[in-house]
Amino acid sequence: MNKNKLIPWEEARKDWFTEEELIEQDKRIRQRLALREIQELREELNLTQSQLSIKSGIARTTISKIENGKRNVCFDKLVQIANALDKDLEIRFVDKKK
C-alpha cells in the first residue's frame, strides 16, 4: 500500500506557486487579516455595522465592503474607523522578510 507523505504547507506552496504568486498571496493575507481586525474590534464593542457607520460617518455599505475586503480603504477612512472604535491607528514600517 502506497501511503502519501504529508509535507508542511510552507514547503508545498513553494512547489506549487511561483515566487511572484507567493508574494501576492502573502500581501492579500496580510490585508485580509488587517481588515478582519476591524470587524473583530467592532464585534468586541457589540457594535453593528450600522452603529459603526453612524459613529464613523462612513456609509454602512462601505464598512461592509471594507470588512469583506471588497473595497480598498484609504488612510482617512481607517482613521475615522479607529476613532469610532476608540482606538489609535498605528502604521509601522518594518524590514522586509527575506
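Cut-offs applied
Residues numbered from 1 in each chain as written. Predicted model: local features only at pLDDT ≥ 70, side-chain atom pairs only at ≥ 80, totals over all residues. Heavy atoms only, no water. Helix = DSSP H or I, 4+ residues; strand = E, 2+ residues; numbered from the N terminus. Rg over C-alpha atoms; globule rule 2.2 N^0.38 Å. Buried < 20%, exposed > 50% of the residue type's maximum accessible area, 1.4 Å probe, protein only. Phe/Tyr/Trp six-rings, centres within 6.5 Å; stacked < 30°, edge-to-face > 60°. Arc of directions from axis to C-beta. Contact = heavy atoms within 4.5 Å. Polar contact = N/O pair within 3.5 Å; in protein donor to acceptor, adjacent residues only side chain to side chain. Salt bridge = Lys/Arg side-chain N within 4 Å of Asp/Glu carboxyl O.

Undergrad: Give a description of the overall build of the protein that names residues and reports values.
TA: Secondary structure assignment for the protein yields five helices and zero strands. Reading the helices (α) and strands (β) of the protein from amino to carboxyl end gives α-α-α-α-α. Against the globule reference of 13 Å for 98 residues, the protein gives a C-alpha radius of gyration of 18 Å, more extended than a compact globule. The buried share of the protein, reckoned over its 98 residues, is 22%.

Undergrad: Break down the packing of aromatic side chains for me, citing the residues and quoting the values.
TA: Applying the stated criterion across every chain, the model contains one aromatic pair. Seen in terms of ring centroids, W9 and W16 are 5.8 Å apart; in terms of plane orientation they differ by 65 degrees. Their pairing is edge-to-face.

Undergrad: Requested: an account of helix α5 (residues 75-84), with residues and values cited.
TA: Buried within α5 we find I81, A82 and A84. On an axial view of α5, the arc spanned by its buried residues comes to 165 degrees, and they lie on one face. Facing away from the buried side of α5 by over 90 degrees, the exposed positions are D76 and N83. Looking at the buried side of α5, the elements it contacts are α2 (19-44), α3 (49-56) and α4 (60-67).

Undergrad: I'd like to hear about α4, residue by residue, with values.
TA: Every buried residue belonging to α4 is among T62, I63, S64, I66 and E67, and all of these are buried. Those residues of α4 hidden inside the fold are in contact with α2, α3 and α5. The positive-phi residue at the C-terminal boundary of α4 is G69, with phi of around 70 degrees.

Undergrad: Which residues make up the environment of E10, and what are the values?
TA: Along the polypeptide, E10 turns up in helix α1 (residues 9-16). Taking the C-alpha atoms as reference points, E10 and I63, separated by 53 residues in sequence, lie 33 Å from one another. Here the side chain of E10 touches R13 through a polar contact of 3.4 Å, side chain to side chain.

Undergrad: Can you break down the pattern of salt bridges residue by residue, with the values?
TA: Applying the stated rule across the entire model yields five salt bridges. The salt bridge partner of E67 is R42, with a shortest N-O separation of 2.7 Å. Here R42 lies in helix α2 and E67 lies in helix α4, a separation of 25 residues in the sequence. Residue classification places E67 among the buried residues on the basis of a relative accessible area of 2%. Notably, a salt bridge pairs R92 with E90, separated by 3.6 Å at the nearest N-O pair. Each member of the pair R92 and E90 is classed as exposed.

Bear in mind that shape data such as this cannot, by itself, settle questions of function.
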